[in-house]
Each structure stands twice: as structure tokens, then as C-alpha cells.
Amino acid sequence: MPEREVPFHLNAEALLLRSLTDYAIYMMDPDGYVLSWNAGGERIKGYSDDEVIGQHFSRFYLPEDAARGEPQRGLETARREGRFETEGWRVRKDGSRFRANIVIDPIVQDGRLVGFAKVTKDITERYEAQQRLKQAERNLAQAQKINAIGQLTLGVAHDFNNVLAVVMTSLDLLGERRDESQRQRLIDAAQKAATRGSMLSQQLLAFARGQRLEPEPHDIRELILHSADVYRRAAGPSTACGFELGDESPTVQIDATQFEAALMNLVANARDAMRCPGHITISTRVLVPDAAVHPDVRPGTRYLYITVADDGPGMDEDTRLRAMEPFFTTKEVGRGSGLGLSQVFGFASQSGGFAFIESAPGSGNCVTIALPVEPAVEQ
């Protein structure tokens with residue numbers, strides 16, 4: 001086929017660049033003075049080519065950015081690294097601001113820098129949409145915080161009301177003439193209620209990481225076995241509580257009282273999760289956690305895992321994740337403040353360790369407290 005004859009002579013690339021209106025595309029000399037201008041530059045920035053050719057490109061920057069040397073810094077970066085790309089505010093001819101995505105590429109000919117090509121795109125709409133989305137996310141997060149505080153207030157208020165009701169009723173009845181056995185039962189009820197109130201306060205302190213711990217070296221195996229009967233009673237009459245304690249029983253630095261309270265919370269939670277007679281197992285093992293799964297672990301450190309597992313209905317993934325949140329509870333109002341697991345996580349964190357939950361529907365729940373193992377002392 002014969003070649004088509006071109007009726008006129010035009011630089012195709014220049015024609016293409018001049019016809020683009022979504023991008024301001026222009027060339028600058030090595031010092032940043034504008035050498036060419038396209039229709040996109042006029043549409044986005046408001047200047048005609050007669051107004052900007054020969055002018056320094058810093059006129060498009062905010063005065064404060066120009067005073068900080070941002071224009072020259074962009075040219076130096078492009079010269080040194082082969083490209084400069086950024087996002088920021090720029091100024092139109094009428095003084096209005098717009099959000100811009102900017103790319104500066106050096107133009108090299110025969111090994112010598114002859115200028116820069118600069119491409120600017122107006123991304124104001126996208127930027128403002130992103131800011132609106134971020135604000136909506138912040139508003140949602142704030143609403144969730146307020147909701148969490150409301151749940152805390154509701155749960156704690158009900159719990160303390162129950163505690164105070166028992167104490168006040170017992171004191172009122174003690175004022176009446178009663179035999180010694182009745183008086184003792186009322187005193188016992190008041191003492192149990194006061195103990196419950198004290199535990200609730202400890203849970204609040206643990207959640208806030210504000211409780212004062214008195215850590216001492218302890219053998220966890222001995223601590224668990226010493227209170228084994230207490231844990232069995234806490235499991236209730238219809239739930240069996242067994243123990244699978246590992247052969248290795250290293251020493252850990254903990255507050256024994258707070259550890260036992262945390263373990264008691266886990267046993268009580270496991271008991272409440274049962275819908276029918278079931279089984280709870282308290283087990284221990286020593287291992288080095290995977291830092292990819294638990295990023296807060298000390299590299300190379302061995303941890304003692306104390307796990308409380310049940311064969312209840314388990315949790316779906318959403319509930320499992322929310323179970324770690326403070327104040328979250330699936331129990332009815334008045335039956336729990338949602339601070340039990342918070343006490344466990346607070347205790348583990350203050351003891352230099354961590355805690356986590358494993359669960360799936362139909363597979364029961366496993367809550368683990370991981371505590372760093374004390375290095376062996378050479379004799």
C-alpha cells in the first residue's frame with residue numbers, strides 16, 4: 001500500500017500534550033522557569049500560556065511552601081533520584097486552592113540536564129471524599145467509645161446495685177430480733193456481697209492497668225494445684241474441672257493473688273458458656289511464641305501458657321474478636337459487667353505477658369495467659 005501523505009507538518013507529541021485538559025503538563029528549564037504550557041494547565045490553574053511562559057513555577061505554590069523552599073526541593077529530588085512525586089495544596093490564578101498530585105521528571109539529553117517535565121492533576125474531589133470518609137470513621141469510632149462507656153456504666157451500676165442491695169438488706173434485718181443462726185446467715189450474705197464489690201473494683205483497676213501488683217517468683221503448677229478445689233467448686237455442680245499440667249514447671253514473676261483471680265474469672269466464664277453439663281480443662285505448657293502472630297513478645301523468650309478450655313458451643317469470629325473488647329458481654333444485664341476478660345488481659349499485660357482467645361462455633365473456647373519464663377539461675 002502506498003504511504004498516506006501528511007498534508008501538514010505538526011509535532012504529534014506537542015499536539016497531544018496541548019489537547020489534554022485533565023492534566024497540566026509543561027516543561028521547565030533546569031532552574032524551574034516555564035518553557036511550555038498546555039490547555040490542561042489553563043483549565044486547572046487559570047493561566048494562559050502568555051501569562052506563565054518565562055515565569056518561575058514556584059508561583060503555583062502556597063506562599064508558605066515557597067518560603068520553605070519546596071519548589072527547589074522538588075527539582076533537586078527529581079534531578080538526584082530520577083523522579084519526584086508528591087501530593088499537596090497549590091494555588092490557582094484567582095487565589096483559590098486545590099489539591100494536586102504532582103510528578104516531576106528530569107529531561108536529560110546527551111548526558112546533560114536540559115530541563116524538567118511537570119505533570120499536575122487536580123485531585124481535590126478525591127481528597128475531600130477521603131477526608132469525609134476519615135471523618136465518618138472518626139465519628140463512628142467516637143460513637144463506639146461512647147457506646148462502650150454506656151455499656152460499662154450500665155453493667156457496673158447493676159452489679160453495684162446488686163451488691164449494695166444485699167448489704168443494705170442484711171444490715172436492716174440484723175437490726176431486728178433474730179436468733180444467732182439467722183444473724184450469721186445475714187452476716188455471711190453481706191460479706192459475700194462486699195467481696196463481690198471488692199472484686200468488681202479490682203477488675204476496673206486491672207482493665208485500667210492501675211492495679212498495684214506485687215510480683216514474686218512462683219511455681220505456677222504449685223499455685224494451681226493448691227487452689228484446685230476452689231476452681232472445681234467455681235466450675236459448678238454440673239461441670240467437671242480437670243487439669244493437664246505440663247511436666248515442665250518453670251518459675252514466673254507474678255502477683256499470686258491477681259493470678260488466681262484471673263484464673264477464677266476464666267473458669268467462671270467457661271462455666272457460664274456451658275449450655276449443658278460439660279468439661280473445663282486447665283492446662284500448662286512452655287514454648288517460644290511466634291512473633292508474627294504475637295508481635296509484642298520478647299524475641300527468643302520462652303513463655304508459660306496457662307490455658308482454660310471448655311467444650312461449650314464456642315463463638316463465631318465476630319464474637320471472639322469482640323470478647324477481647326472491654327465491657328463486652330453476652331450475658332444478660334446485671335449478670336456481668338464485661339470486665340472479667342479485661343481483668344485477665346490487664347493482669348497478663350502488667351505481668352509482662354499477653355493473653356489471647358481461640359474459639360470457633362461448636363469447638364468450645366480456649367483462653368490463654370502467656371507469662372515470660374524467668375531464666376534459670378546457675379547454681
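Residues numbered from 1 in each chain as written. Predicted model: local features only at pLDDT ≥ 70, side-chain atom pairs only at ≥ 80, totals over all residues. Heavy atoms only, no water.

Student: For this particular structure, what's the right way to read the overall build of the protein chain?
Tutor: Per the secondary structure count, the protein chain includes 12 helices and 11 strands. In the protein chain, of all internal contacts separated by at least 6 residues, the share reaching a separation of at least 24 is 61%. Within the structure as shown, the protein chain displays about 22400 Å² of accessible surface, and the carbon and sulfur contribution to it stands at 52%. (Helix = DSSP H or I, 4+ residues; strand = E, 2+ residues; numbered from the N terminus. Contact = heavy atoms within 4.5 Å. Areas by Shrake-Rupley, 256 points an atom, 1.4 Å probe, with all protein chains shown as cover.)

Student: Can you walk me through the packing of aromatic side chains in this structure?
Tutor: For any pair of aromatic rings, the description consists of the separation of the ring centres together with the inter-plane angle of the planes. Counting across every chain of the model gives 11 aromatic pairs. Aromatic side chains F57 and Y61 sit 5.5 Å apart centroid to centroid with 85 degrees between the ring planes, which places their arrangement in the edge-to-face category. Of the two residues, F57 and Y61, both sit in the buried class. We note R90 situated over the ring of Y61; from NZ or CZ to the ring centre the distance is 3.8 Å. The ring of Y23 has K121 lying over it, and the distance from NZ or CZ to the ring centre is 4.8 Å. (Phe/Tyr/Trp six-rings, centres within 6.5 Å; stacked < 30°, edge-to-face > 60°. Buried < 20%, exposed > 50% of the residue type's maximum accessible area, 1.4 Å probe, protein only. Lys NZ or Arg CZ within 6 Å of the ring centre and 35° of its normal.)

Student: Explain the sheet that holds strand β3 (residues 97-109) to me, please; I cannot follow it from the model alone.
Tutor: Read across the open sheet, the 4 strands follow the order β1-β4-β3-β2; overall the sheet is antiparallel. Edge positions in the sheet fall to β1 (23-28) and β2 (84-91), since each has one partner strand and no second. For this sheet the average axis-to-axis angle between neighbouring strands, irrespective of direction, equals 25 degrees. Where β2 lies against β3, 8 bridges are found, and the strand directions are antiparallel. When the sheet's bridge partners are listed, W89 is paired in β3 with R99. (Pairing = 2+ DSSP bridges. Axes fitted to C-alpha atoms, helices over the stretch in contact; angles between N-to-C directions.)

Student: For this particular structure, what's the right way to read the nonpolar core?
Tutor: Soluble globular proteins: nonpolar side chains tend toward being buried together. Core analysis: the biggest nonpolar cluster contains 35 residues, and I220, I224 and F259 have the highest contact counts within it. Per element, the largest residue contribution to this core is 7 residues, and it comes from helix α10 (residues 256-273). Apart from the residues within four sequence positions on either side, I224 is in contact with Y231, F243, L245, F259, L263, I282, T284 and I306. Core analysis: the next-biggest nonpolar cluster, separate from the first, contains 19 residues, Y47, F57, A100 and I104 among them. (Core = buried A, V, L, I, M, F, W, Y, C linked by side-chain atoms within 4.5 Å.)

Student: I keep staring at the side chain of N38 and nothing clicks. Help me out?
Tutor: In this structure, N38 sits in the loop between β1 and α2 (39-45). Of the polar contacts made by the side chain of N38, one reaches the backbone nitrogen of G41; its length is 2.9 Å. (Polar contact = N/O pair within 3.5 Å; in protein donor to acceptor, adjacent residues only side chain to side chain.)

Student: Before we go on, may I ask you to explain helix α9 (residues 228-235) in this structure?
Tutor: The periodicity of an α-helix, 3.6 residues per turn, causes residues three or four positions apart to be oriented the same way. By the burial criterion, the buried members of α9 are A228, Y231, A234 and A235. Take α9 and look down its axis: the buried residues cluster within an arc of 125 degrees, on one side only. Exposed positions of α9 whose direction lies more than 90 degrees from the buried face are D229 and R233. Residues of α9 that are buried in the fold lie against α8 (220-226), β6 (239-244), α10 and β8 (278-287). (Arc of directions from axis to C-beta.)

Student: I would appreciate a short explanation of the environment of G246 in the present structure.
Tutor: When you line up the elements, G246 lands in the loop between β6 and β7 (251-254). Measuring from C-alpha to C-alpha, the distance between G246 and R285 comes to 5.4 Å, with 39 residues separating the pair along the chain. Setting aside anything within four residues of it in sequence, one finds G246 in contact with R221 and T284.

Student: What is the right way to look at unusual backbone geometry in this model?
Tutor: A negative phi holds for most residues other than glycine; trans holds for most peptide bonds. Look at D110: it is not a glycine, yet its phi comes out positive at around 55 degrees. Along the chain, the position of D110 falls in the loop between β3 and β4 (112-122).

Student: Just checking my understanding: could you explain the confidence of the model for the protein chain for this structure?
Tutor: Close inspection of predicted coordinates is inappropriate for parts of the model with low pLDDT. Per-residue pLDDT for the protein chain averages 80, and the proportion of residues at 70 or more is 74%. Here helix α1 (residues 12-19) is the element of the protein chain with the lowest mean pLDDT, 55, and helix α5 (residues 70-81) is the one with the highest, 95. The low-confidence segment residues 1-10 (pLDDT under 50) makes 1 contact with residues lying over four places distant or belonging to another chain. Counting interchain partners and residues more than four positions distant, the pLDDT-below-50 stretch residues 333-338 has 19 contacts. (pLDDT = per-residue confidence, 0-100.)

Student: Honestly, the side chain of R99 in this entry has me stumped. Any pointers?
Tutor: With respect to the helices and strands, R99 occurs in strand β3. Apart from residues no more than four positions distant in its own chain, R99 is found in contact with E87, G88, W89, K121, D122, I123, T124 and Y127.

Student: Where do I start with the packing of α9 against α10 in this structure?
Tutor: The packing of two helices is summarised by the inter-axis angle and the distance between the axes. For the pair α9 and α10, interaxial distance at closest approach is 8 Å and the crossing angle is 30 degrees. When the interaxial angle is binned, α9 and α10 end up roughly parallel. By crossing handedness, the relation of α9 to α10 is classed as right-handed. Of α10, the residues touching α9 (which contributes V230, Y231, A234 and A235) are E260, L263, M264, V267 and R271. Grouping the amino acids of the contact of α9 with α10 by side-chain chemistry returns 7 nonpolar, no polar and 2 charged. (Parallel < 35°, antiparallel > 145°, perpendicular 65-115°, else oblique. Left-handed = near helix turned anticlockwise from the far one by under 90°. Nonpolar A, V, L, I, M, F, W, Y, C, P; charged D, E, K, R; others polar.)

Student: Is there a simple way to think about the environment of R302 in this case?
Tutor: Within the fold, R302 resides in the loop between β8 and β9 (303-310). For R302, a relative accessible area of 36% puts it in the partly exposed group. The contact partners of R302, leaving out residues within four places of it in the chain, are E248, V286, L287, V288, L371, P372 and V373. Within polar-contact distance, the side chain of R302 engages the side chain of E248 at 2.6 Å.

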